[in-house]
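What the coordinates show
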Amino acid sequence: MEKHKAGFVNIIGNPNVGKSTLMNAFIGEKLSIITSKAQTTRHRILGIVNGDDFQMILSDTPGIIKPAYELQSAMMDFVKSAFEDADVLLYMVEIGERALKDESFFSRLKESKIPVLLLLNKIDTADQALLEEQVQYWQEQLPEAELHPISALTNFNVKNVFERIVALLPEAPPYFPKDQLTDRPERFFVNETIREKILKHYKKEIPYAVEIETEEFLEAEDIIRISAVIMVERNSQKGILIGHKGSALKRVGVEARKDLEQFFGKQVHIELYVKVNKNWRSNSNQLKRFGYQS
Ligand SMILES: Nc1nc2c(ncn2[C@@H]2O[C@H](COP(=O)(O)OP(=O)(O)OP(=O)(O)O)[C@@H](O)[C@H]2O)c(=O)[nH]1
């Protein structure tokens, strides 16, 4: 039998290029992967794909941005750690995009000793001429990287990339039990589901100001009872989040419940509370508490 391979694979790229979509395509089932945020290790592990003779531990890094406040600086530290701990780096760009916003980051990428796969995503949106022009552009930008045009959304070339990553994994025993999909418990999945609904229904400021904590997750044979707190930075945000007679918050709860019921295959009861946690994004203790800083 072949030796077992295992390793950490980090996906890096600007916001919105399709990193999560690729993760989902790799793992196959949308809801099985989502966990997030800081880890006791320095990775932000989102999902683990197990095969008979390999274990691929995938993590995402927040989009590359210039830090504007402390939370963003903490996020950028994750990006830095991506260079230190990964066995394979996936640098994702989308069709039409030019080099990274953060140049210092880009030069690190060029000098990386770790194998870099440059994934040119969303090629379903490009015609042949544009595709060829883009391939050439990126090959010049990062000559050392292995370039793969893909469409994470339509699954084009995703399998090839997957196999290529497996080939690049070092020989190692598994880091996590092989029946485990993620290293995060259900509560984090609940948090992310609620956050997704908030992103969907509120304007920009609100999603970035909230942090969610699932305080209770009680699973009985036929029902799961969840109680979660949504923290905001200011009173005014609390009002917006709740909405007129609670209608806006209710919608978040109803939609999150539906997704969670589907995921857990059980009836779910969910209670949401909103609390003000003043300026938590600029407070080191709070950032630690939520796992953004160690
Ligand atoms: N046409 C097309 N759209 C895609 C493809 N991959 C992702 N998208 C879309 O691009 C948008 C962003 O995708 P995400 O997977 O959320 O991107 P992300 O990089 O994880 O975004 P952040 O979490 O903000 O960093 C979504 O609307 C996806 O459906 C693709 O291959 N083709």
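Quantities reported herein were computed from a predicted structural model and do not represent experimental measurements. (Residues numbered from 1 in each chain as written. Predicted model: local features only at pLDDT ≥ 70, side-chain atom pairs only at ≥ 80, totals over all residues.)

1. A look at the overall build of the chain
- What the chain contains, in helices and strands, is ten helices and nine strands.
- Looking at the chain residue by residue over its 294 residues, the buried ones come to 34%.
- Excluding contacts between residues fewer than 6 apart, the proportion of contacts in the chain whose partners are at least 24 apart in sequence is 70%. (Helix = DSSP H or I, 4+ residues; strand = E, 2+ residues; numbered from the N terminus. Buried ≥ 20, exposed ≤ 12 C-beta atoms within 10 Å, placed from the backbone. Contact = placed C-beta atoms within 7 Å.)

2. Digging into the environment of Glu 111
- Within the element layout of this structure, Glu 111 appears in helix α3 (residues 103-111).
- Along the primary structure Glu 111 and Glu 144 are separated by 33 residues, whereas in three dimensions their C-alpha atoms are 9.0 Å apart.

3. Some remarks on the sheet that holds strand β7 (residues 211-219)
- Taking strand neighbours across the sheet as the criterion, the three strands line up as β7-β8-β9 in an open arrangement whose pairing is mixed. Every interior strand has two partners, whereas the edge strands, β7 and β9 (267-276), have only one. Strand-to-strand, the axes of this sheet are offset by a mean angle of 15°, without reference to chain direction.
- With respect to the sheet, helix α8 (residues 235-242) is in contact with β8 (223-232) and β9, its orientation differing from that of β9 by roughly 150°.
- Helix α9 (residues 247-264) contacts β8 and β9 of the sheet and is inclined by roughly 140° relative to β9. (Pairing = 2+ DSSP bridges. Axes fitted to C-alpha atoms, helices over the stretch in contact; angles between N-to-C directions.)

4. A look at the site of the ligand
- In the region of the ligand, 16 residues are neighbours, and Gly 18, Lys 19, Ser 20, Thr 21 and Leu 153 sit closest.
- At three residues, the largest contribution of residues to the shell around the ligand is made by helix α1 (residues 19-27).
- In terms of residue class, the shell around the ligand is made up of four nonpolar, nine polar and three charged. (Near = placed C-beta within 6 Å. Nonpolar A, V, L, I, M, F, W, Y, C, P; charged D, E, K, R; others polar.)

5. Topic: the nonpolar core
- Of all hydrophobic cores here, the largest spans 39 residues; its most connected members are Val 9, Leu 90, Tyr 91 and Leu 119.
- Counting residues per element, this core draws most heavily on strand β4 (residues 88-94), which supplies six residues.
- Setting aside residues up to four positions removed in sequence, Val 9 forms contacts with Met 56, Ile 57, Leu 58, Ala 86, Asp 87, Val 88, Leu 90 and Ile 165.
- Core analysis: the next-biggest nonpolar cluster, separate from the first, contains 21 residues, Phe 189, Ala 228, Val 232 and Leu 260 among them. (Core = buried A, V, L, I, M, F, W, Y, C linked by C-beta atoms within 7 Å.)

6. A word on the confidence of the model for the chain
- The predicted model of the chain averages 81 in pLDDT, with 78% of residues at 70 or higher.
- This model gives residues 29-43 a pLDDT under 50, and the stretch forms 39 contacts once residues within four places in sequence are excluded.
- Counting contacts from residues 63-67, a segment whose pLDDT is below 50, to residues more than four positions away or on other chains yields 15 contacts.
- Across the predicted assembly, pTM comes out at 0.62 and ipTM at 0.97. (pLDDT = per-residue confidence, 0-100.)

7. Brief notes about unusual backbone geometry
- For Lys 245, which is not glycine, the phi dihedral falls at a positive 50°.
- Here Lys 245 lies in the loop between α8 and α9.
- Phi is positive for Asn 279, which is not a glycine, with a value near 45°.
- You can call Asn 279 partly exposed: it has 13 C-beta atoms within 10 Å.

8. Some points on the environment of Leu 169
- With respect to the secondary-structure elements, Leu 169 resides in the loop between α5 (158-168) and α6 (186-201).
- Leu 169 sits 165 residues away from His 4 along the chain, and the two C-alpha atoms are 9.5 Å apart.
- Beyond its immediate chain neighbours, meaning those up to four positions away, Leu 169 contacts Lys 5, Ala 6, Gly 7, Phe 54, Met 56 and Asp 87.

9. Remarks on the packing of α6 against α9
- One can describe the packing of α6 onto α9 by two numbers: an axis separation of 9 Å at closest approach and a directional angle of 135°. By the angle between their directions, the pair α6 and α9 is classed as oblique. The two elements α6 and α9 cross, and the hand of that crossing is right-handed. Mapping the contact onto sequence places Val 190, Thr 193, Ile 194, Lys 197, Ile 198 and His 201 in α6 and Ala 248, Arg 251, Val 252, Glu 255, Ala 256, Asp 259 and Leu 260 in α9.
- Of the residues assigned to the contact of α6 with α9, the class counts are seven nonpolar, two polar and four charged. (Parallel < 35°, antiparallel > 145°, perpendicular 65-115°, else oblique. Left-handed = near helix turned anticlockwise from the far one by under 90°.)

10. Concerning the pairing of strand β1 (residues 5-13)
- The buried fraction of β1 is high, at nine of nine residues.
- By the alternation rule, side chains of β1 split into Lys 5, Gly 7, Val 9, Ile 11 and Gly 13 and Ala 6, Phe 8, Asn 10 and Ile 12, which are all buried.
- Inspection of the sheet shows β1 paired to strand β3 (residues 54-60) by seven bridges, in the parallel sense. Of the residues in β3, the one forming a bridge with Ala 6 is Gln 55.
- The pairing of β1 with β4 spans five bridges and is classified as parallel.

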